[in-house]
There are 2 protein chains.
Amino acid sequence: MQSPLIKKLVDAFTCLPGVGPKSAQRMAYYLLERNRDGGEHLSVSLASAMEGVHHCDRCRDFTESELCGICQSERRDKSLLCIVESPADVLAIEATGGFQGTYFVLMGHLSPLDGIGPEDIGLDQLKTLIQQEKPAEVILATNSTVEGEATAHFIAEMLKGTGTELSRIASGVPLGGELEYIDGGTLMHSFSGRKPYLS
Amino acid sequence: MQSPLIKKLVDAFTCLPGVGPKSAQRMAYYLLERNRDGGEHLSVSLASAMEGVHHCDRCRDFTESELCGICQSERRDKSLLCIVESPADVLAIEATGGFQGTYFVLMGHLSPLDGIGPEDIGLDQLKTLIQQEKPAEVILATNSTVEGEATAHFIAEMLKGTGTELSRIASGVPLGGELEYIDGGTLMHSFSGRKPYLS
């Protein structure tokens, strides 16, 4: 006996990650009962973002202009190129404030089983970019997952012979982490990646 | 360095219940990266629901027409009126398939501290409805919370002298519940609400 418009709205909400039928119903009723302005605002924001946001021509991050803010900026060090999997990774690194280079966003990782190959994550574009800009160092900052490692490995193979120095972000015990509670794989990585101390 | 459109979308998502900045960002990026059609569909569904859904003239439930499906139906027993707090409660009761009467939806409960008085939950309309339709029984099915009980009590006082029989849904041990793990208040209620067995 639910009205068709509400049913449609509840269905539409379930397309969001982590939102099942119950949460979707809660969201729909919440907006209808208490926050119609919020609902309209969300509708307009969604429409304009879906319409206006596309990929940066250089780094594939999301942007409304041809080049994103970081690629446009003259303060960023173009000799340092950091390769990440997603725009959220760029935000996380930017939030630290410790990196002044530029990015290349793969928008995913290699996943042959899902049919995601090198061209889907923009590796042709990455190769062209590196040949044009010749960065001194390329930092592979894909996730420390099986797919992320495989993608990093594939990119490293691809860039062999371009003369660019390649590095991979360190894997090990997180700050504040206690050895007792760290998984074995991470612990092993933190040993094999050990560095001379106070040198 | 986040694009203004994305920032606006993330902000708009935080108006949803249970969605903080991190989930909002995840939702925005998910739609942009993988489900633009879903995003557009959600935008359209939101706009049409916010625009087209209003309250049923008789029972205050959400509907697109003047009367909701239940109030329009000739199969429903109008001599039985069930008073609930929200449209979600109507759905929950309808899902059981065991109630054939009609509803009146308060769209909230009395809450003097939040400035929600009798007129905000449509009690004038309820009184008029009961005077017109003269249902044989009114079932108070507000939540079993302090506010729900207070609202039920207020409605009962208001309907004194209208000659309508009033009832309150039973409170007690849920089906499958074990006494050992039930809170004291519920257990006490299940004792004071005991019924003759096999009679």
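Residues numbered from 1 in each chain as written. Chains lettered and ligands numbered in written order. Predicted model: local features only at pLDDT ≥ 70, side-chain atom pairs only at ≥ 80, totals over all residues. Heavy atoms only, no water.

- Per an unreviewed UniProt entry, chain A goes by Recombination protein RecR and derives from Kangiella geojedonensis.
- Of the comments in the UniProt record for chain A, the one headed Sequence similarities (unreviewed entry) reads "Belongs to the RecR family."
- Per its UniProt entry, chain A bears the Function (unreviewed entry) comment "May play a role in DNA repair. It seems to be involved in an RecBC-independent recombinational process of DNA repair. It may act with RecF and RecO." (UniProt positions renumbered as here; feature names shortened; annotations may be inferred.)

With respect to the interface of chain B and chain A
- Contact with chain B, which involves 51 residues of that partner, is made by 52 residues of chain A.
- When chain B packs against chain A, the two sides together hide about 4800 Å² of surface, and 74% of this comes from carbon and sulfur.
- Taken together, the connections running from chain B to chain A amount to zero salt bridges.
- Inspection of the region where chain B meets chain A yields nine residue pairs in polar contact (both at pLDDT 80 or more).
- Only α1 (4-13), α2 (21-34), α3 (36-52), β2 (62-63), α4 (69-72) and α5 (87-96) of chain B provide two or more residues apiece to the side of chain B that touches chain A.
- In terms of residue count, the dominant contributor to the side of chain B that touches chain A is α3 of chain B (14 residues).
- Its residues assigned to classes, the side of chain B that touches chain A shows 28 nonpolar, 16 polar and seven charged. (Contact = heavy atoms within 4.5 Å. Buried area = accessible area lost by both parts, 1.4 Å probe. Salt bridge = Lys/Arg side-chain N within 4 Å of Asp/Glu carboxyl O. Polar contact = N/O pair within 3.5 Å; in protein donor to acceptor, adjacent residues only side chain to side chain. Helix = DSSP H or I, 4+ residues; strand = E, 2+ residues; numbered from the N terminus. Nonpolar A, V, L, I, M, F, W, Y, C, P; charged D, E, K, R; others polar.)

Focus on the nonpolar core
- Within the largest apolar cluster, 70 residues are counted, with the highest numbers of intra-cluster contacts made by Phe13, Leu16 and Leu46 of chain A together with Phe13, Leu16 and Leu46 of chain B.
- Residues contacting leucine 46 of chain A, with those up to four places away along its chain left out, are Leu9, Phe13, Leu31, Gly39, Leu42, Ser43 and Leu46 of chain B. (Core = buried A, V, L, I, M, F, W, Y, C linked by side-chain atoms within 4.5 Å. Buried < 20%, exposed > 50% of the residue type's maximum accessible area, 1.4 Å probe, protein only.)

Points about the UniProt feature "domain: Toprim" (unreviewed entry) in chain A
- Those places that UniProt annotates as "domain: Toprim" (unreviewed entry) correspond, in this numbering, to residues 79-174 of chain A.
- End-to-end, the C-alpha atoms of residues 79-174 of chain A are 28 Å apart, and along that stretch the chain is 35% helix and 20% strand.

Examining unusual backbone geometry
- At lysine 134 of chain A, a residue that is not glycine, the phi angle is positive and equals roughly 40°.
- Tracing the backbone shows lysine 134 of chain A in the loop between α6 (123-133) and β5 (137-140).
- Relative accessible area serves as the criterion here: at 62%, lysine 134 of chain A is assigned to the exposed category.
- Even without being a glycine, arginine 60 of chain B presents a positive backbone phi close to 70°.
- When you line up the elements, arginine 60 of chain B lands in the loop between β1 (54-55) and β2.

Concerning the environment of glutamine 72 of chain A
Residue and element names in this part refer to chain A.
- Position of glutamine 72 relative to the elements: it lies in helix α4 (residues 69-72).
- According to the relative accessible area criterion, glutamine 72 is partly exposed, its value standing at 47%.
- The sequence separation of glutamine 72 and arginine 58 amounts to 14 residues, and the corresponding C-alpha distance is 9.6 Å.
- Setting aside chain neighbours within four positions, we find glutamine 72 in contact with Ser65 and Leu67.

Some thoughts on the UniProt feature "zinc finger region: C4-type" (unreviewed entry) in chain A
- UniProt records the feature "zinc finger region: C4-type" (unreviewed entry) for residues 56-71 of chain A in the present numbering.
- Along residues 56-71 of chain A, the helical share is 19% and the strand share 12%, with 8 Å between the first and last C-alpha atoms.

Focus: the sheet that holds strand β3 (residues 77-84) of chain B
Residues and elements named next belong to chain B.
- Strand order across the open sheet formed by four strands is β4-β3-β5-β6, with parallel pairing between neighbours. The open sheet has two free edges, formed respectively by β4 (101-105) and β6 (165-168), since each of these has just one partner strand. Across the sheet, the mean angle from the axis of one strand to that of its neighbour is 25°, orientation sign disregarded.
- When strand β5 (residues 137-140) meets β6, the two strands line up parallel, connected through four bridges. Bridged to valine 138 within β6 is leucine 166.
- Those strands touched by α5 are β3 and β4, and its axis lies near 160° from that of β4.
- Its contacts with the sheet put helix α7 (residues 146-159) on β3, β5 and β6, and the angle it makes with β6 is roughly 170°. (Pairing = 2+ DSSP bridges. Axes fitted to C-alpha atoms, helices over the stretch in contact; angles between N-to-C directions.)

Some details on the relation of the copies chain B and chain A
- Mapping chain B onto chain A calls for a rotation angle of 180° and an axial translation of 0.0 Å; the resulting RMSD is 0.1 Å. The superposition of one copy onto the other is thereby described by a two-fold rotation axis. Taking C-alpha positions as reference, the residue of chain B nearest the rotation axis is serine 43 of chain B, located at 2.1 Å.
- Same-surface contact between copies: 100% of interface residues of chain B are shared with the interface of chain A. (Least-squares fit on C-alpha atoms with pLDDT ≥ 70 in both.)

Structural notes on the sheet that holds β5 of chain A
Residues and elements named next belong to chain A.
- One open sheet holds the four strands; their spatial order is β4-β3-β5-β6, and the pairing between them is parallel. At either end of the open sheet lies a strand with only one pairing partner, and these are β4 (101-105) and β6 (165-168). The mean angle between the axes of side-by-side strands here comes to 25°, regardless of whether they run parallel or antiparallel.
- Seen against the sheet, helix α5 (residues 87-96) touches β3 (77-84) and β4 and runs at an angle of roughly 160° to β4.
- In the packing of α6 onto the sheet, contacts are made with β3, β4 and β5, and the angle to β3 comes to roughly 165°.

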